[in-house]
Amino acid sequence: MKHYAGLAVFSSAVGHALDGLDLMIPGFAMSGIMASFNIDKTTASTLTTITLAGAFLGGLVFGRMADKYGRIRVLTYSVVFFGVFTLFSAFAPNFFLMALFRFLAGVGIGAEFGIGMAIAAEASSPENRAKATSGVGLGFQVGVLLASLLSAPILTAFGWRGLFAIGIVPAIVAIFIRVFVPEPPLYLKHRQTAKEHGSIRQLFSTPERVRFSIAIIILCTVQNCGYFGIMTWLPSYLNTELNLSLTSTGIWTAVTVLGMMLGISVFGFLADHLGRRPAFWIFQIGAAIMVVIYSQLKDPTALLVGGFFMGMFANGMIGGYGALISELFPTELRATAQTALYNTGRFIGGGLGPVVIAAIATGHGFGFALAAVASIYIIAFITMFFIPEKKGIALE
């Protein structure tokens, strides 16, 4: 099981890395997309919303399929699906088809987080569950880091379309996942005995589940509002308002992502040792403080250091949702809960975040818009009171 747990977490992290790579590409390609299709900043920012709308639909569809037909099988299909349509985005002749391809890529992306987290949670021991799901969360940041480091040379050599052409890579990775990783034993055991597999209705079938589902949606909305709002416009802000070069922008973004990776690792350790609630509260307070501090920085070195710690707290919690959701819902419903609830929050928060920040920044500047983000972490802090502490329990 130790060998399988490592393989399961690694394969899930790789799938989630491709998710992160794909979702961050539009942020680095934004200027080129606006110039090619003659659209303004607000219209261009809707590409993120459109992609996350597809992820919302994909989460509803692929989650139930994963509960019924298998985690690994459906994860493989979804990786191929979003890889193909990311590649198609590179050849979009107009904004309408670009939006359509991004929506369809999003449908495939909707499966990556939830199914990967379900696999990691079911493969790991109770005392290491948060560390395992945080490992999957680290995969996403590896993808984001690759996007930030590769964007400048690819844009220089091939233009913004070259960023989307790498969409063929996920299809190759999917073959590796399908061949070398079997289904989690816990899932196989429950599939033989469960009478019903994955239903959205079951997420709200009892008062307790209604409370859990709503609380998780709020937490995921806050998480993604802050993350996508910041990361979608951070390269543009550093480049246009603070006059940093395109290469420097990539470096500053990469440092912020490295902070996120450290935060995810620390969060997994704290959640397994102190408990889910204390870990979330520490990071929610830290995120609120750091986004306010970062919004006031102008000096390049200070931005470098501040970005590291802002990233650490603002996105360190991402792996915790996998453990949290896995412990609140049974195996026959786990992938459905992971994909449906997380992608609902990602659609609401991730869709609104970039648009709202763009609108606020237009009138008051990005610094003011960033500082306003701090208020949402207070909402998340309060929401954690409605979720029970289940550190170290065996999964149902």
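Every residue gets a number counted from 1 within its own chain, in the order that chain's sequence is written. Confidence filtering applies because this is a predicted model: local features only for residues at pLDDT of at least 70, side-chain atom pairs given and counted only at 80 or more, and all residues used for totals across whole chains, interfaces and linings. Side-chain figures throughout are based on the complete set of non-hydrogen atoms in the structure, without hydrogens or water.

Heads up, the condition is: UniProt positions are given in the numbering used here, feature names are shortened, and annotations may be inferred rather than shown by experiment.
Looking at an unreviewed UniProt entry, one finds the protein chain named MFS transporter, with Bifidobacterium felsineum as its source organism. Database annotation for the protein chain, UniProt heading Subcellular location (unreviewed entry): "Cell membrane".

**A look at the packing of helix α6 (residues 129-158) against helix α14 (residues 318-328)**
The criterion, for reference: Axes here refer to lines fitted to C-alpha atoms; in helices the fit is confined to the stretch in contact. Angles between the N-to-C directions go from 0 to 180 degrees. Secondary structure is summarised from DSSP: a helix means a run of H or I of at least four residues, a strand means a run of E of at least two, and numbering begins at the N terminus for each. What sets the label is the angle itself: under 35 degrees gives roughly parallel, over 145 gives roughly antiparallel, 65 to 115 gives roughly perpendicular, and the rest give oblique. Should the near helix be turned anticlockwise from the far one by less than a right angle, the crossing is left-handed, and should it be turned clockwise, the crossing is right-handed. Whether two residues touch is decided by their heavy atoms; if any such pair falls within 4.5 Å, the residues are in contact. As a working rule, the residues Ala, Val, Leu, Ile, Met, Phe, Trp, Tyr, Cys and Pro are called nonpolar, Asp, Glu, Lys and Arg charged, and the rest polar, with Gly in that last group.
Contact pair α6 / α14: the axes reach a minimum separation of 7 Å and the direction vectors enclose 130°. The angle between α6 and α14 falls in the class oblique. Between α6 and α14 the crossing geometry is right-handed. Residues R129, A130, T133, S134 and G137 of α6 form the contact with α14, whose participating residues are I318, G319, G320, G322, A323 and E327. Taken together, the residues of the contact of α6 with α14 sort by class into three nonpolar, six polar and two charged.

**Structural notes on a nonpolar patch on the surface**
Under the convention used in this document: Patches draw on residues past 30% relative accessible area with no salt bridge. Two like charges within 9 Å are joined, as are two nonpolar side chains (Val, Leu, Ile, Met, Phe, Trp, Tyr) within 5 Å. Under the convention used here, a 1.4 Å probe and the Shrake-Rupley method define accessible areas, while residue burial counts only the protein chains that appear. What makes a salt bridge here is a side-chain nitrogen of Lys or Arg within 4 Å of a carboxyl oxygen of Asp or Glu, nothing more.
Taken together, F10, I175, F176, V179 and F180 make up a surface patch of nonpolar side chains, about 520 Å² in accessible area. With four residues, the single largest contributor to the nonpolar patch is helix α8 (residues 168-180). For F176, the location among the structural elements is in helix α8.

**Describing the side chain of S326**
Quick note on the threshold: Polar contacts, as used here, are pairs of N or O atoms within 3.5 Å; protein pairs need one atom able to donate a hydrogen and one able to accept it. Residues neighboring in sequence count only if both atoms are side-chain atoms.
In this structure, S326 sits in helix α14. One polar contact links S326 to Q338, side chain to side chain, over a distance of 2.8 Å. Other than its neighbours up to four places away in sequence, S326 contacts M117, A121, R334, Q338 and L395.

**Examining the packing of aromatic side chains**
Quick reminder of the rule: Classification of ring pairs uses Phe, Tyr and Trp, with its six-membered ring standing for Trp, and accepts pairs whose centres are within 6.5 Å; under 30 degrees between planes counts as stacked, over 60 as edge-to-face, and the remaining range as tilted. Working definition: with a 1.4 Å probe on protein chains only, accessible area under 20% of the residue-type maximum means buried, over 50% means exposed, and in between means partly exposed.
Counted by the stated rule, this structure contains 17 aromatic pairs. When the ring of F81 is compared with that of F85, the centres are 5.1 Å apart and the planes differ by 50°; the resulting orientation is tilted. Taken together, the residues span about one helical turn, with F81 and F85 both in helix α3 (residues 71-89) at a distance of four residues. On the accessibility criterion, F81 (30% relative accessible area) is partly exposed.

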